[in-house]
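Results of the structural survey
Given next are the chains, with one letter for each unit.
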Amino acid sequence: MVEVIAELGWNFMGEMTLAEEMIESAKLSGADVVKFQYWNPTKLKPGVWDTDGRKQIYEKAFLTAEKIKYLKKICQDVDIKFLISIFNAGDAETMKSCGIDCVKVPSHEVANDALHQYVATNFRQCYVSLGAGSWQELQSASSIYNNSDIDWCAMHCVSSYPCPVDSINLSKITQLADLNTKLGFSDHTQCVVTPSLSVMLGVQVIEKHFTTNNELPGRDNKFALNPGEFKQMVANIRIAEAALISHGVDASPLERDTIENYRGRWGE
């Protein structure tokens, strides 16, 4: 069955009560996994985020080790898998010290070989978004994981927020199959149909931004799916899975009546 990840990221803006509500809502909406993001604001390089409000968001939504352990406990209580994105090898080391054995590497760091090397040798499982990079960079990152023992998922992604449907480039998924057998799709469109279409291309994991309220502060809450939309997306995914069940090339047992009673019923 396709695994569905609800990307919570920083949508809770550091408010742990809201984070708990989002975890519970994601579970009720059909998610198998909830994903957060980890970064250390003290390591942030100078950039446009210093003046456009993002730096304040990074600082407010920063997750301490204590908060991470709390979120993991809530996920365990709700019976949903905990996942977190990391952006450099130092952050990955911090996650390892928190007892986390599975992480996500975002498209922003597709060319960060030091991060890939650390993840590939220190974690049991990982998801890697292969967006925002050249084919050569994707091959380089994939080779690091393929030459290790880690269980990893190569995830198609167009790193644009939100991404127009006509730019999502689903056909690229078939090319990613040359890099790894386990495929995923990190979808930044606001569409509830595109994930189900990706199932036809063999993905085993689908990730989508999730919120409980599109009016909450922060950029990602504006384009994330709300619970009703997320439920519809999951229903579409399950329909796609059912429709792709193979029944062979011979006539279906459901067609017995047609074969026995309708063949040749009109005379010459």
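Residues numbered from 1 in each chain as written. Predicted model: local features only at pLDDT ≥ 70, side-chain atom pairs only at ≥ 80, totals over all residues. Heavy atoms only, no water.

1. Notes on the environment of serine 167
The line we're drawing: Working definition: helices are DSSP H or I runs of at least four residues, strands are E runs of at least two. Numbering for both runs from the N terminus.
Within the element layout of this structure, serine 167 appears in the loop between β6 (151–157) and α7 (172–176). Between the alpha carbons of serine 167 and threonine 189 there is a distance of 9.1 Å; along the sequence they are 22 residues apart.

2. A look at the packing of helix α5 (residues 113–122) against helix α6 (residues 135–146)
As a reminder, the rule being used: Under this scheme, a helix contributes an axis fitted over its contacting stretch, all axes are lines through C-alpha atoms, and angles between N-to-C directions fall in the 0 to 180 degree range. In what follows, roughly perpendicular refers to angles from 65 to 115 degrees, roughly parallel to angles under 35, roughly antiparallel to angles over 145, and oblique to any angle outside these ranges. Crossings are sorted by hand: turned counterclockwise from the far helix by less than a right angle, the near helix makes the crossing left-handed, and turned clockwise it makes it right-handed. The criterion used for residue contact is that any of the two residues' heavy atoms lie within 4.5 Å.
For the pair α5 and α6, interaxial distance at closest approach is 9 Å and the crossing angle is 20 degrees. As judged from the angle between their axes, α5 and α6 are roughly parallel. Classified by chirality, the crossing of α6 by α5 is right-handed. Facing α5, whose interface residues are Asp113, His116, Gln117, Val119 and Ala120, α6 presents Ser140, Ala141, Ile144 and Tyr145.

3. A closer look at α6
Put simply, the rule reads: The length a helix should cover is 1.5 Å for every residue beyond the first. Remark: exposure states derive from per-residue accessible area (1.4 Å probe, protein chains only) relative to the maximum for the residue type, with buried under 20%, exposed over 50%, and partly exposed in between. Throughout, the arc means that of the directions going from the helix axis to the C-beta atoms.
For α6, spanning 12 residues, the distance from its first C-alpha to its last is 16 Å, which sits close to the expected 16 Å at 1.5 Å a residue. Inspection of α6 places Leu138, Ala141, Ser142, Ile144 and Tyr145 among the buried residues, and these make up the whole buried set. Take α6 and look down its axis: the buried residues cluster within an arc of 155 degrees, on one side only. Packed against the buried residues of α6 are β4 (102–105), α5, β5 (125–129), β6 and α7.

4. Examining helix α1 (residues 16–28)
In this model α1 runs 19 Å from its N-terminal to its C-terminal C-alpha over 13 residues, within 8% of the 18 Å that 1.5 Å per residue would give. Along α1, the residues classified as buried are Met16, Leu18, Ala19, Met22, Ile23, Ser25 and Ala26. Contact partners of the buried residues in α1: β1 (3–9), β2 (33–37), α3 (65–78), α9 (219–223) and α10 (227–243).

5. A short note on the packing of aromatic side chains
Each aromatic ring pair is described using two quantities: the centre-to-centre distance and the angle formed by the ring planes. To be explicit about the condition: The pairing test for Phe, Tyr and Trp rings, Trp by its six-membered ring, is centres within 6.5 Å, and the orientation test on the planes gives stacked under 30 degrees, edge-to-face over 60, and tilted for anything in between. Definition used: whenever NZ (Lys) or CZ (Arg) falls within 6 Å of the ring centre and also within 35 degrees of the ring normal, the charge is taken to sit over that ring.
Per the stated rule, a full pass over the model turns up 10 aromatic pairs. With a centroid separation of 5.5 Å and an interplanar angle of 85 degrees, the aromatic rings of tryptophan 10 and tryptophan 39 are classed as edge-to-face. With a gap of 29 residues between them, tryptophan 10 in the loop between β1 and α1 and tryptophan 39 in the loop between β2 and α2 (54–60) connect regions that are remote in the sequence. Aromatic pair phenylalanine 210 and phenylalanine 230: ring centres 5.2 Å apart, planes at 85 degrees, arrangement edge-to-face. Taken together, the residues span a long stretch of sequence, with phenylalanine 210 in the loop between β8 (205–209) and α9 and phenylalanine 230 in helix α10 at a distance of 20 residues. Judged by relative accessible area, phenylalanine 210 falls into the buried class, the value being 0%. The structure contains a cluster of three or more aromatic residues connected by ring pairs, namely Trp10, Trp39 and Tyr58. For arginine 219, the ring lying beneath its charged end belongs to tyrosine 161, and the centroid distance is 5.1 Å.

6. Thoughts on the environment of glutamine 139
For glutamine 139, the position within the fold is in helix α6. Taking relative accessible area as the criterion, glutamine 139 reaches 38% and is therefore assigned partly exposed. Placed 69 residues apart in sequence, glutamine 139 and lysine 208 show a C-alpha to C-alpha distance of 24 Å.

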